[in-house]
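Listed below, chain by chain, are the residues.
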Amino acid sequence: VSTQSTGSSGINAEYGVISVLCVVTTIYLVFAELVLYTNGSLKTSIFVSYLNHEDDIPIMLNITIEDKICADISLDYKNIHGHIEHGMSSLAKIQVDDNCNMAGVVQVKKIPGALVIVHQQGKDFNEFEFAVEKTDALKKGAGPCVKVAKDWVPPDGFKPPKGFKVVKKPKNIMMNHELHTLEFGRHLLDIKRWNEVLPPSSKPFEALSGTKRDFPINVSHDYHLRLVPTTFVDQNKRSTQSYQYSYGYQNFIMQTPAGIAPPSIIFRYEISPMEIKYQFHRKPVYHLLTMICAIIGGIVTVAGVIDKVLFNTHQMLKEKITLGKLS
């Protein structure tokens, strides 16, 4: 009797372990399926975009220019159609110690163009110097030399000698800067989450944010941006139009017939004809119910197979033990 009792309790313990494992596995799989259903999946589509040149693109810009007085800094805009705006006033300029911070939203047309941050000439003569140099016609030949005093400024009505010209040169002007934010299109409220769920990329909506440039005097900074129109549709079917972008960078010293031009910070951009659409897709409720039924049915089936294997194994061992005792 004691042997039969021990065997029976062993079987019950095995069945108890199997039951617990089945319940835990079922709960885990059902919970995972509920999470997948709630979060949905990301559907990506690419198509040719219709660019309406009358539409505007909002550009969110926040930049700090080092060692500059805000009164000397100006934001200009120009596009491929020749439209030029000087001194755009949509950005707020705040003087922070010796640095100038420019922040705000600029509205531009949906055509290739450029935003240019320039040092306004003539605002501060201490940052420019003047010289009287030979014209191109006299550069190869010998000619008189006109010397001017240090920090000389030409008086009103001054005319240089024949064959010479007055040249205005920047003196120790640097456009070192830190770019805090540069975003195109409507601001995504949950931009960090989008960066996580989208295909691997380096901050596709704020690629230049956090960039800092430090270079010698009179160096201009030139950014070439490639914008890709991007539409986002969230779980609540709300649509947001924004722009991913990649960029290239170069720096240079601009030479003009009058000498070295004051340095600037240039953001040139062009718009891709292709558009990307990201849409959260949630499967229908019947799919969730089907998966839950499949999980429960699969667990029950597997548990039944394991139970049958254990029961048959136990019966075989019991028969062998009984036969061994009889013999």
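Heads up: the structure comes first, above all this text.
All values reported here derive from a predicted model rather than from experimental measurement. (Residues numbered from 1 in each chain as written. Predicted model: local features only at pLDDT ≥ 70, side-chain atom pairs only at ≥ 80, totals over all residues. Heavy atoms only, no water.)

> Would you mind going over the pattern of salt bridges with me for this structure?
In this structure the tally under the stated criterion is 4 salt bridges. One salt bridge in this structure joins Lys109 and Asp56, with 3.2 Å as the shortest N-O distance. Taken together, the residues span a long stretch of sequence, with Lys109 in strand β6 (residues 99-109) and Asp56 in strand β2 (residues 56-65) at a distance of 53 residues. The partly exposed category is assigned to Lys109, whose relative accessible area is 33%. When its relative accessible area of 40% is taken as the criterion, Asp56 is described as partly exposed. (Salt bridge = Lys/Arg side-chain N within 4 Å of Asp/Glu carboxyl O. Helix = DSSP H or I, 4+ residues; strand = E, 2+ residues; numbered from the N terminus. Buried < 20%, exposed > 50% of the residue type's maximum accessible area, 1.4 Å probe, protein only.)

> Mind showing me how you'd approach the environment of Cys22 here?
Within the fold, Cys22 resides in helix α1 (residues 2-39). Sequence separation between Cys22 and Val300 is 278 residues; the distance between their C-alpha atoms is 7.7 Å.

> I tried to follow the nonpolar core on my own but got confused; where do I start?
Nonpolar side chains tend toward joint burial in soluble globular proteins. Counting 32 residues, the largest nonpolar core has Met102, Leu115, Ile117, Leu182, Phe184, Leu225 and Phe267 as its most contacted members. Phe267 has contacts with Ile63, Gly113, Ala114, Leu115, Ile117, Leu179, Leu182, Leu208, Tyr223 and Leu225, leaving out every residue within four places of it along the chain. Core analysis: the second largest hydrophobic core is formed by 8 residues, Ile18, Val30, Leu288 and Ile292 among them. (Core = buried A, V, L, I, M, F, W, Y, C linked by side-chain atoms within 4.5 Å. Contact = heavy atoms within 4.5 Å.)

> Honestly, the side chain of Ser264 in this entry has me stumped. Any pointers?
Tracing the sequence through the fold places Ser264 in strand β16 (residues 264-271). Ignoring anything within four residues of it in the chain, the contact list for Ser264 reads Val116, Ile117, Val118, Met175, Ser220 and His221.

> How should a nonpolar patch on the surface be read in this particular structure?
Taken together, the side chains of Ile46, Val48 and Met274 present a nonpolar region at the surface, about 300 Å² in accessible area. Turning to its location among the elements, Val48 is positioned in strand β1 (residues 41-48). Of the residues examined, Val48 reaches a relative accessible area of 62% and is grouped as exposed. (Patch = residues over 30% accessible without salt bridge, like charges linked within 9 Å, V, L, I, M, F, W, Y side chains within 5 Å. Areas by Shrake-Rupley, 256 points an atom, 1.4 Å probe, with all protein chains shown as cover.)

> Any chance you could explain the packing of aromatic side chains here in plain terms?
The relative placement of two aromatic rings is captured by the distance of their centres and the angle of their planes. Tallied over the full model, the rule gives 5 aromatic pairs. Geometrically, the ring pair formed by Phe184 and Tyr245 is edge-to-face, given 5.4 Å between the ring centres and 75° between the ring planes. Taken as a pair, Phe184 in strand β10 (residues 177-185) and Tyr245 in strand β13 (residues 239-252) lie far apart in primary sequence, 61 residues in all. Accessibility expressed as a relative area gives 3% for Phe184, which makes it buried. You can call Tyr245 buried: its relative accessible area is 5%. Summarising the aromatic geometry, the rings of Phe184 and Tyr269 are spaced 6.3 Å apart at their centres and angled 55° between planes, so their arrangement reads as tilted. (Phe/Tyr/Trp six-rings, centres within 6.5 Å; stacked < 30°, edge-to-face > 60°.)

> Mind showing me how you'd approach the pairing of strand β3 (residues 73-79) here?
Here is the key point about a regular strand: its side chains alternate between the two faces of the sheet. Where burial is concerned, most of β3 is hidden: 6 out of the 7 residues are buried. Examined bridge by bridge, β3 and strand β7 (residues 113-119) share 7 bridges and lie antiparallel to one another. Its bridge partner being in β7, Ser74 is matched across the sheet by Val118. Examined bridge by bridge, β3 and strand β4 (residues 84-85) share 2 bridges and lie antiparallel to one another. Note on β4: the bridge partner recorded for Tyr77 is Glu85. Joining the antiparallel neighbours β3 and β4 is a turn of 4 residues, in which Gly82 adopts a positive phi near 90°. (Pairing = 2+ DSSP bridges.)

> Where do I start with the state of the cysteines in this structure?
The bond known as a disulfide is covalent and runs between the sulfur atoms of two cysteines. The full count for this structure, using the stated rule, is 1 disulfide. Between Cys70 and Cys100 runs a disulfide, and the two sulfur atoms are separated by 2.2 Å. Judged by the sign of its S-S torsion, about 115°, the bond between Cys70 and Cys100 is right-handed. Here the residue Cys70 occupies a position in the loop between β2 and β3, and Cys100 occupies one in strand β6, the gap between them amounting to 30 residues. In this structure Cys70 comes out as buried when scored by relative accessible area, which is 9%. Classification of Cys100 by relative accessible area gives buried; the value is 0%. (Disulfide = S-S within 2.5 Å.)

> Please clarify how the pairing of strand β5 (residues 91-96) should be interpreted in this entry.
Where β5 and β6 come together, 6 bridges link them in antiparallel fashion. Bridge pairing links Ala92 to Ala103 in β6. Where β5 folds back onto β6 in an antiparallel hairpin, the turn is made up of 2 residues, including Asp97, whose phi is positive at roughly 55°.

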